[in-house]
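Breakdown of the fold
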Amino acid sequence: MNSPSNSSPSSRRHDLEAGGRSFDDELSSPFYIPSTKNATIERLRRWRQAALVLNASRRFRYTLDLKKEEERQQIYRKIRANIEVIRAAYRFTASLGQANGEVELHATPAGDFGIDQAQLSTMTMDRRLDFLERIGGVKRLSDLLKTNTEKGIHGDDTDLLKRKNAFGSNTYPQKKGRSFWRFLWEAWQDLTLIILMVAAVASLVLGIKTEGIKEGWYDGASIAFAVILVIVVTAVSDYKQSLQFQNLNEEKRNIHTEVIRGGKRVDVSIYDIVVGDVVPLNIGDQVPADGVLITGHSLAIDESSMTGESKNIYKNSREPFLMSGCKVVDGCGTMLVTSVGINTEWGLLMASISEDTGEETPLQVRLNGVATFIGIVGLTVAFLVLVVLLVRYFTGHSKNADGTPQFQAGKTSVGDAVDGAIKILTIAVTIVVVAVPEGLPLAVTLTLAYSMRKMMADRALVRRLSACETMGSATTICSDKTGTLTLNQMTVVEAFVGGKKIDPSENKSQLSPMLSSLLIEGIAQNTNGSVFIPEGGGDLEVSGSPTEKAILVWGVKLGMNFDAVKSESTVLHVFPFNSAKKRGGVALKLPDSEVHIHWKGAAEIVLASCTAYIDGNDNIIAMDDAKVLFFKKAIEDMAASSLRCIAIAYRSYEMDKVPVGEEELSQWALPEDDLVLLAIIGLKDPCRPGVKEAVQLCQNAGVKVRMVTGDNPQTARAIALECGILSSKEEAVEPILIEGKVFREYSDEEKEKIAEKILVMGRSAPNDKLLLVQALRKRGHVVAVTGDGTNDAPALHEADIGLSMGIQGTEVAKENSDIIILDDNFASVVKVVRWGRSVYANIQKFIQFQLTVNVAALIINVVAAVSSGDVPLNAVQLLWVNLIMDTLGALALATEPPTDHLMHRPPVGRREPLITNIMWRNLLIQAAYQVSVLLVLNFRGKSLLGLKDENAERANEVKNTLIFNAFVLCQIFNEFNARKPDELNIFDGITKNHLFMVIVAVTLVLQVIIIEFIGKFTSTVKLNWKQWLISVVIAFISWPLALVGKLIPVPNTPVHKFFRFSRHRNPQS
């Protein structure tokens, strides 16, 4: 199990030089926020205020809109308060009406139905229990709505359409996304582009005035066109990103839930729920619409999202009203839908605050810091160029091509002087456009938008943007077993019934009558699953969790008639399966008033409560030590064969001891002692195909996989060996394999030390997972956690990345997670790791590419300006370079698909520098080469290119055109180098990135058009084939140069640490 980072990340926290200032410096930096998941508003506001920004509306578009977030919270509070006021007013009016003897409301027919929407809304929103009772209760209400409390609506297309026409659909009006024109307007808000447009207009006016309309409009119009092109391309790119985010937000809101239609449980989108639907509710579900309770057992609802009250509300016949958007925190039940969509309080609320207020990511914040630093350097350089050029111009040191001064005091007209000054200002402002990497932080959004869309195809739905990139830093994954590492397709393969082992595949002929009857009763009644028999014949349809389905299928093999058994007894009380107690129970009243209490759960836990068992002759035999050992050995053997062990037991109870009132009954703790064992069964849940390879891939990538399961430690051990989490049986010793109750008894310090070694935790309670996550995070790990149950919510929330399951996951788990794994497959979790690393790698590629252009363009223009008073790259040319570098470069490099190479390196450290030593080496080599060659051309170009015999002005134009052409081609060739910063083969996988190829081709074609056809606008001239060849050769050399450069070793210690080290060595400096 050797991996790139088997040592604890805690060592990374303590590798700082003496004095420890580097970590403090980082923490004090406004641009260092390790996790934006729970960052305070003040912390988020701080980095915005520290950032150097030219276009705030564009730069902060995909960050959390702090103002809107505050407004959203205010609206939320106002609507909740208004609802409470309206409810109180209704109650007051109702009480007055009763006092005055006014006639009460009666059900008014509406179309095909016996009650209208207004009355339904009034009843549920105002909790009018008196009205519900007056119309005859839930049963009569279901008749008015033409539905059945047990079988639901018919559910055919005609029926659904009638219901939607009469009562509306379960949707609410959403605010439209921003239009393309809004993006165009925001792209226009850039201060530098506004200055350039003003300069372009001034240049246009002065040009026409001095040179006439035929020749004078070119300079101003070309700058204006270049600015408009930058704005349009930027707006198109941003608009396309926004459409991707809109689609992903739609996916996030589209919750799927179960309803009963035609007696059968069917999975539907929350948007397709209609009034009259019967909806089963279980722990972790979201109430999908307003409604009334049909049946419920210990059903507790968290209504804090609507009322603000954190206290859970228990629902029963005296408190039957359910509000859309609330969560089921305990118990189970069924509800009748009475209002949907905008007719619910939740619908009104969501329609008011549906607009997304955005979210920033740690990488985005850090890139704003990088952009601010580069921007300050760029502004300084631009100001220097402006001062030098203005001084040289007005002192007569700036010369025309023929050697005459451009400005002569007393001779040059005011118009010419202003025109000259405007051209200098334009160059300086354009240097700012190129130097301030406004698109750098937005490249994160671009790559995240691309990655999120592709991750959907890889069966992962990203709920929080930051999780996408944080996954690239994950050092450990705490995974569930069932359904994630295994297929979640369970079958009963072993069974011990009647005190002996039987063949579970055979029918009930093996079982005695009483044992068979009790076992079938326990299977049918103690379940939240169901068995549907189609009226026209055909295969049975079994629904429920995989465990429930497997047991129900086995029950059918034993001769169970599900509906008949359910109708033979009355359910008094249900104790839903509890992951802390690892069992669930039900109390039944039989026709002869006898009471049976059935329990089902973890085999060794239920067995510990059993004092007897039924043998093969229907005799109840006391459980002696020998029999206890026999059953324990059976459980251990099944667990060692990676089977999930479930015990089914029952006991009889006296009717006079059963609580009478509904309130008392709902609080009744079912007796769980003196149980009679009916059966112990072993369920096989095979490992997912490819899971061993996926675990191995994680280990090779320095990501430690840990299994946390509620199953028996022996079952967990067998699966862990099968999956490759444990490499050998000898490794399966404490604390590598540990039980949840053992781990939770350690002190906090001991937990931290032991957490590092744990690979498998068996019989864990949900809180154990949370404790493990907290201990690992304290050790410096970046922790990803998978979870599907309501009780997993705290661990999912606490983890750096919470991964909920799309199929088995409850809505509570999904809401607390950052990413939903749509197919519940561990291999998809590994794909998310790849994508997370890809986001980081793509941003680094883009940074390397952009900084190379920045450094080269700035140095070339500064040196040329200071030495000769002229710049080889004018405003229009620099705007074209900016377009290549910013928008097109980001599109080409930020959308590189992930490669296997990413999984052969350790996780990305959260505090690792964005610009690595490898990147510094690459960009400095390329920038130095470009600067050297182009400055040589600038100062010696005429002689080197054989232009001495040419007219001075013509020679200057050819030289500057060749410099511009070679510079642009260098960037195109360097884009290939940026694809693979640390690999020799820069062309590997290039055909898979079609967008890269298209952008390079388009850039090349446009460059040819600029040089050969529209030179008048760009101040360029046509080049002959030799000059084109020289440009291509200069650019081509960047490839072999990059190859040689990659052979130069770089130190592992980041560059900035050398400076810190020297600072600590010499504190007086």
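Naming follows an unreviewed UniProt entry, where the chain appears as Calcium-transporting ATPase of Hevea brasiliensis. The UniProt entry for the chain carries the following text under Sequence similarities (unreviewed entry): "Belongs to the cation transport ATPase (P-type) (TC 3.A.3) family. Type IIB subfamily." The annotation that UniProt attaches to the chain under Function (unreviewed entry) is "Catalyzes the hydrolysis of ATP coupled with the transport of calcium."

1. Regarding the overall build of the chain
Helices and strands together make up the secondary structure of the chain, namely 41 helices and 26 strands. The burial tally for the chain puts 56% of its 1069 residues in the buried class. Within the chain, residue pairs in contact and separated by at least 24 positions form 74% of the contacts whose partners lie at least 6 positions apart. For the chain, the exposed area adds up to about 44800 Å²; of that, 57% sits on carbon and sulfur atoms.

2. Observations concerning the sheet that holds strand E8 (residues 460-462)
The strand order across the open sheet formed by 8 strands is E8-E26-E25-E24-E9-E21-E23-E22, and the pairing between neighbours is mixed. In this open sheet, the two edge strands, each paired with only one partner strand, are E8 and strand E22 (737-739). Sheet twist, expressed as the average angle between the axes of neighbouring strands with direction ignored, equals 20°. Relative to strand E25 (residues 801-805), strand E24 (residues 783-787) runs parallel, the two being bridged by 4 bridges.

3. Re unusual backbone geometry
Negative phi characterises most residues that are not glycine, and trans characterises most peptide bonds. Here Glu-734 and Pro-735 are connected by a cis peptide whose omega angle stands at 5°. Looking at the element boundaries, Pro-735 is found in the loop between helix H27 (713-723) and E22. Even without being a glycine, Asn-488 presents a positive backbone phi close to 60°. Secondary-structure assignment places Asn-488 in the loop between strand E9 (476-479) and strand E10 (491-497).

4. What about the side chain of Asn-977?
Examined against the element boundaries, Asn-977 turns out to sit in helix H36 (residues 952-979). The residues touching Asn-977, leaving out its near neighbours within four places in the chain, are Gln-848, Gln-926, Ile-986, Ser-1038, Trp-1039, Ala-1042 and Lys-1046.

5. Overview of the UniProt feature "transmembrane region" (unreviewed entry) in the chain
In the UniProt entry, the feature "transmembrane region" (unreviewed entry) is given for residues 183-208, 220-239, 370-394, 424-450, 994-1015 and 1027-1048. Between the C-alpha atoms that bound residues 220-239 the distance is 28 Å, and the span itself is 100% helix and 0% strand. For residues 994-1015, the helix share is 91%, the strand share is 0%, and the end-to-end C-alpha distance is 30 Å.

6. Description of the pattern of salt bridges
Counted under the stated rule, the structure contains 36 salt bridges. Between Arg-318 and Glu-133 there is a salt bridge, with its nearest N and O atoms 2.8 Å apart. Of this pair, Arg-318 sits in the loop between strand E5 (312-314) and strand E6 (321-322) while Glu-133 sits in helix H7 (residues 129-134), and the two are 185 residues apart along the sequence. Residues joined by salt bridges that share partners form a network here, namely Arg-127, Glu-303, Lys-315 and Glu-319.

7. Some details on the packing of aromatic side chains
Counting across every chain of the model gives 18 aromatic pairs. Summarising the aromatic geometry, the rings of Tyr-613 and Phe-631 are spaced 5.8 Å apart at their centres and angled 75° between planes, so their arrangement reads as edge-to-face. With a gap of 18 residues between them, Tyr-613 in strand E17 (residues 610-614) and Phe-631 in helix H24 (residues 625-640) connect regions that are remote in the sequence. Comparing Tyr-613 with Phe-631, the two get one shared label, buried. Ring pairs connect the aromatic residues Phe-973, Phe-976, Phe-987, Phe-996, Phe-1036 and Trp-1039, which therefore count as one cluster. A cation sits over an aromatic face here: Arg-583 above Trp-599, 5.8 Å from the ring centre. Of note, Arg-979 hangs over the ring of Phe-996, and the distance from its end group to the ring centre comes to 5.7 Å.

8. Description of the nonpolar core
If you look at soluble globular proteins, the nonpolar side chains tend to sit buried side by side. Core analysis: the largest hydrophobic core is formed by 87 residues, its most contacted members being Val-227, Leu-879, Phe-964 and Phe-967. Among the elements that take part in this core, H36 stands out by supplying 14 residues, more than any other. The contact partners of Phe-967, leaving out residues within four places of it in the chain, are Val-853, Ala-856, Ala-857, Ile-860, Leu-873, Val-881, Gln-930 and Leu-934.

9. Re a nonpolar patch on the surface
Together, Val-998, Val-1002, Val-1005, Leu-1006, Val-1008, Ile-1009, Phe-1013 and Ile-1014 give the surface a local cluster of nonpolar side chains, amounting to about 640 Å² of exposed area. Assignment of secondary structure puts Val-998 in helix H37 (residues 994-1012).

10. Things to note about the side chain of Asp-615
Position of Asp-615 relative to the elements: it lies in the loop between E17 and strand E18 (620-622). Buried Asp-615, no salt bridge; nearest opposite-charge side chain is Lys-500, N-O distance 8.4 Å. Looking at Asp-615, its side chain comes within polar contact range of the main-chain nitrogen of Asn-617, at 2.9 Å. Asp-615 has contacts with Gly-498, Ser-512, Leu-515 and Ile-621, leaving out every residue within four places of it along the chain.

11. Structural notes on the packing of H36 against helix H39 (residues 1025-1036)
At a minimum axis distance of 8 Å, the contact between H36 and H39 shows a crossing angle of 40°. Like other packed secondary-structure pairs, H36 and H39 cross with a definite hand, here right-handed. In this structure, H36 contributes Val-958, Leu-962, Asn-965, Ala-966, Leu-969, Cys-970 and Phe-973 to the contact, and H39 contributes Gln-1027, Trp-1028, Ile-1030, Ser-1031, Val-1032, Ile-1034, Ala-1035 and Phe-1036. For the contact of H36 with H39, a count of residues per class yields 12 nonpolar, 3 polar and no charged.

12. Structural notes on the environment of Phe-496
Tracing the sequence through the fold places Phe-496 in strand E10. Note on Phe-496: relative accessible area 9%, which makes it buried. The contact partners of Phe-496, leaving out residues within four places of it in the chain, are Lys-501, Phe-630, Ala-634, Met-638, Leu-678, Ala-679 and Ile-680.

13. Side note on helix H21 (residues 546-557)
Between its first and last C-alpha atoms H21 spans 17 Å; for 12 residues at 1.5 Å apiece the expected length is 16 Å, and the two agree. Within the sequence span of H21, burial applies to Pro-546, Thr-547, Glu-548, Ala-550, Ile-551, Leu-552, Trp-554 and Gly-555. With its phi angle positive at about 100°, Gly-559 sits one or two positions after the end of H21.

Calculation notes
- Residues numbered from 1 in each chain as written.
- Predicted model: local features only at pLDDT ≥ 70, side-chain atom pairs only at ≥ 80, totals over all residues.
- Heavy atoms only, no water.
- UniProt positions renumbered as here; feature names shortened; annotations may be inferred.
- Helix = DSSP H or I, 4+ residues; strand = E, 2+ residues; numbered from the N terminus.
- Buried < 20%, exposed > 50% of the residue type's maximum accessible area, 1.4 Å probe, protein only.
- Contact = heavy atoms within 4.5 Å.
- Areas by Shrake-Rupley, 256 points an atom, 1.4 Å probe, with all protein chains shown as cover.
- Pairing = 2+ DSSP bridges.
- Axes fitted to C-alpha atoms, helices over the stretch in contact; angles between N-to-C directions.
- Salt bridge = Lys/Arg side-chain N within 4 Å of Asp/Glu carboxyl O.
- Phe/Tyr/Trp six-rings, centres within 6.5 Å; stacked < 30°, edge-to-face > 60°.
- Lys NZ or Arg CZ within 6 Å of the ring centre and 35° of its normal.
- Core = buried A, V, L, I, M, F, W, Y, C linked by side-chain atoms within 4.5 Å.
- Patch = residues over 30% accessible without salt bridge, like charges linked within 9 Å, V, L, I, M, F, W, Y side chains within 5 Å.
- Lys, Arg positive; Asp, Glu negative; His and termini not counted.
- Polar contact = N/O pair within 3.5 Å; in protein donor to acceptor, adjacent residues only side chain to side chain.
- Left-handed = near helix turned anticlockwise from the far one by under 90°.
- Nonpolar A, V, L, I, M, F, W, Y, C, P; charged D, E, K, R; others polar.
- Expected span 1.5 Å × (residues − 1).

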